[in-house]
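# Inside the fold
The residues making up each chain are set out below.
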Amino acid sequence: MKLMVAGGAGFIGSNFIHYMLESHPDYEIINYDKLTYAGNLDNLKDIENNPHYHFEQGDITDLVRINEVMQKHQVTHLINFAAETHVDRSIHGGIKDFVLTNSLGVQMLLDAVRANKIERMINVSTDEVYGALKLGENTFFTEDTPIMPNMPYAAAKAGGDLMCHAYYVTHKTPVIVTHCSNNYGPYQFPEKLIPFFIFKAMKDEPVPVYGDGLNVRDWIHALDHSSALDLLLHQGVDGEVYNIGVDNERNNLEITKMVLGILGKPESLMTYVADRPGHDRRYAIDASKIMKLGWKPKYTRDMFETGLKETVQWYLDNTEWVEKIRARMSEINQHIK
Ligand SMILES: NC(=O)c1ccc[n+]([C@@H]2O[C@H](COP(=O)([O-])OP(=O)(O)OC[C@H]3O[C@@H](n4cnc5c(N)ncnc54)[C@H](O)[C@@H]3O)[C@@H](O)[C@H]2O)c1
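For the structure given in this document, a descriptive report is provided here. (Residues numbered from 1 in each chain as written. Predicted model: local features only at pLDDT ≥ 70, side-chain atom pairs only at ≥ 80, totals over all residues. Heavy atoms only, no water.)

### Details of the site of the ligand
The following threshold applies: The near set for a molecule or strand comprises every residue that places at least one heavy atom within 4 Å of it. N or O atoms within 3.5 Å of each other form a polar contact, as long as, within protein, one can give a hydrogen and the other can take it, and as long as residues adjacent in sequence are counted only when both atoms are side-chain atoms. Here, Shrake-Rupley sampling with a 1.4 Å probe gives the accessible areas, and only protein chains in the shown set may cover a residue. To qualify as a helix, a DSSP run of H or I must reach at least 4 residues; to qualify as a strand, a run of E must reach at least 2; elements of each kind are numbered from the N terminus. Three classes are used, and their members are as follows: Ala, Val, Leu, Ile, Met, Phe, Trp, Tyr, Cys and Pro are nonpolar, Asp, Glu, Lys and Arg are charged, and the others, Gly among them, are polar.
Around the ligand there are 28 residues in total, and Ile 12, Asp 33, Thr 85, Tyr 153 and Lys 157 lie nearest to it. Between the ligand and the protein, one listed contact pairs an oxygen atom with a side-chain N or O atom of Thr 85 at 2.7 Å. Backbone polar atom of Val 124 to an oxygen atom of the ligand: 3.4 Å apart, as the coordinates give it. Protein coverage of the free-state accessible area of the ligand, which is 840 Å², stands at 96%. Looking at the shell around the ligand, the elements that each hand over two or more residues are helix H1 (11-23), strand E5 (120-126) and helix H5 (152-171). If one sorts the elements of the shell around the ligand by residue count, E5 sits on top with three residues. Per-class residue counts for the shell around the ligand are 12 nonpolar, 12 polar and four charged.

This is the structure:
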């Protein structure tokens, strides 16, 4: 397999590349990434000299460059992680970049799949495209739940997903769409909840909790997300949608207290701040469709504490990675509206 990984320098993409090089040492991995503020080649430093790993800088909205890289490396498969991903940034400015990358970029990749006779593409997407569930209800997102995004980020992602469906129906383009729940693990950019709280608490700074802190997300380790995508690359069915999650619903207060507890920091660091506009109350995934294919996640609900402890420890151990990001944070925030 000659697998192009779009957005491989980000959080989940870099976890996925590590996972694939370990699980399939004979595959060629081509990391195609624009290196936006969220892209970080330090995530892949330990494998940069692996002869099966190649980095190509490029934008997924640039069809000429995608075709050039696909032809150069004789790419056979494509998985797309490239996206503008930070929900808060999609609310407070810069929404155009979200639409360009998350919607138009996917269409460009689909055109490249057709032009280069790629055997399979996976478009990695999010459960946020389904909108929100109510707290306390025994309801879950299935693959048949209507697409009803509430956030501009999620609406732009949904645009890309729907284009995949349309290309499959119209052109028989071999594409699969996945909707995964919230990820945690190493290499996550510290604008996202878990690393953000770890970074704050490590410095004894206040940890800001949105609203009443009772919003629920369904947390999955990035390595389990990676094993699910690996399975779908090989055993998924073209034109299908698969939900990915491990039935691990937790509210933000619970996550915050767990992170503070693992770090040995007092709960008095928690401060409540004004809620995010339109903040979806609850996400929960029904993953029975992919489970039927034989997917076996490692960090199931009863292993969450272990996964979170390992994640916190990773940030504590990788001080050089953390300090380099810290140094870039204020500059990044100045340049991104
Ligand atoms: N993080 C989560 O909890 C989560 C949950 C479900 C789904 N997802 C989806 O998984 C994917 C990866 O998420 P992540 O958290 O790793 O994101 P991330 O922000 O950490 O990484 C995104 C990567 O995409 C690259 N990129 C951005 N725009 C690009 C463009 N136009 N061309 C090429 N590269 C570009 C960036 O440089 C970066 O390396 C996204 O599509 C996201 O919607 C994420």
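Structure shown, so let's carry the discussion forward.
### Some words on the environment of Gln 313
Along the chain, Gln 313 falls in helix H10 (residues 304-317). Taking the C-alpha atoms as reference points, Gln 313 and His 73, separated by 240 residues in sequence, lie 37 Å from one another.

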